[in-house]
Structures are given as structure tokens and as C-alpha cells.
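Summary of the model geometry
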Amino acid sequence: MTSVEQLDATIVETRTITLAGAQQGITAALRKAEELGARVAVVVLDVGGHVQALARMDGAVAVATSVAQNKASTALVVRTPTNEFAEAIKQDSVLVSSLASQPGMALFSGGLPLVSEGTPVGAIGVSGGMGDEDLIVARAGAAAIV
């Protein structure tokens, strides 16, 4: 095997959300939040977990931004919507307690992984709404991206 072939065997190409895609998601999410009368923060992460775009609506509480980022981060790491993940683990109180104490984890609704052609490309998180509003807004944002 040549050195180029060895290098190719140790490198993987990664797909990720673009800034333009993240901005599309933010715009769609904010539009849905306006329809619902919710004041939210929306965060889109790239596949590496870095903030690609974010917005906090006028009137949204300041903490909503960090909570939205935690929701997106959790969805990206567990590769499932945060509400579904929280539901799946709720019977294991030790696991819930352990995960809830980890920095950047959010075990409630509003975080969605972004998947394109079966490959994770990022995540979206929404915080600040009431009831199911965060999830509804996140779904609108995700639909505009993938």
C-alpha cells in the first residue's frame, strides 16, 4: 500500500450544514414562532457541534439561547429528537440523573438532529416557548434545512 492509499484509509469525508442552510432554518423557525406568538431562541449547530447560526427573538428570555444550544447539542450527540430520547430513558432514574448533570445536555423537547440522506449534518435547538411550541418551531426550522 502506498502512503497515499494509507492516508485515504484513515480519512473520512464529513458532510455538514452550511451557513446558508442554517440561516434558512432559522428564518423558517422564527416565522413559525411568530405564528404561534412564541418568543424563542433558535440555534443551529454544524456536524461538529459548533454554532453555525443563532437568533434570539425580541422578548425571549436571555437563557433561552444557551438552553436552545444544549437541546441542539443533545440531539446531535444522541442522534434523536430530545423529546424522544427523554421519553426512552425516563424509567432509568440513575441514567436520567447522570445525563442531566452533564454540561450541555437537555432532556426535554425542542432539539432535533438534522439528517441528510441518512447522514447527520447538524442539529437545531429551540427554547423559550410553552408546551410543544419549541418542538413545533424546531420542526419548521429542520424542514427548511433538510
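Preceding block: the structure.
Calculation criteria
Every chain begins its residue count from 1, and numbering advances along the sequence as written. This being a predicted model, a pLDDT of at least 70 is required before a residue's local features are given, and a value of 80 or more before pairs of side-chain atoms are given or counted; all residues contribute to the totals for chains, interfaces and linings. Side-chain descriptors were evaluated using all non-hydrogen atoms of the structure, hydrogens and water having been removed beforehand. Think of it this way: DSSP has to see at least two bridges between two strands before they count as a pair. Think of it this way: any DSSP run of H or I at least four residues long counts as a helix, any run of E at least two long counts as a strand, and we number them from the N terminus. Throughout, an axis means a line fitted to C-alpha atoms (over the contacting stretch in the case of helices), and angles, computed between N-to-C directions, take values from 0 to 180 degrees. Contacts were defined at the residue level, with two residues in contact if any of their heavy atoms lie within 4.5 Å. Any carboxyl oxygen of Asp or Glu that lies within 4 Å of a side-chain nitrogen of Lys or Arg is treated as forming a salt bridge with it. Accessible area is worked out with a 1.4 Å probe on protein chains only. A residue is then buried under 20% of its type maximum, exposed over 50%, and partly exposed in between.

**As for the sheet that holds strand β3 (residues 111-116)**
Spatial ordering of the open sheet is given by β2-β1-β4-β3, a layout of four strands whose pairing is antiparallel. The sheet terminates laterally at β2 (51-56) and β3, the two strands that pair on one side only. The average angle at which neighbouring strand axes cross in this sheet is 15 degrees, direction not considered. Pairing analysis gives five bridges linking strand β1 (residues 41-46) to β2, with the strands arranged antiparallel. Counterpart to Val43 in the pairing with β2 is Leu54. Docked against the sheet, helix α6 (residues 133-145) engages β1, β3 and β4 (119-127), running at close to 145 degrees with respect to β4.

**Regarding the pattern of salt bridges**
Within this structure, the stated rule accounts for five salt bridges. One salt bridge connects Glu117 with Arg15, and the closest N-O pair in it is separated by 3.7 Å. Pair noted here: Glu117 is in the loop between β3 and β4 and Arg15 is in the loop between α1 (3-9) and α2 (19-36), with a separation of 102 residues, a long-range link. Taking the relative accessible area as the measure of exposure, Glu117 reaches 74% and is therefore exposed.

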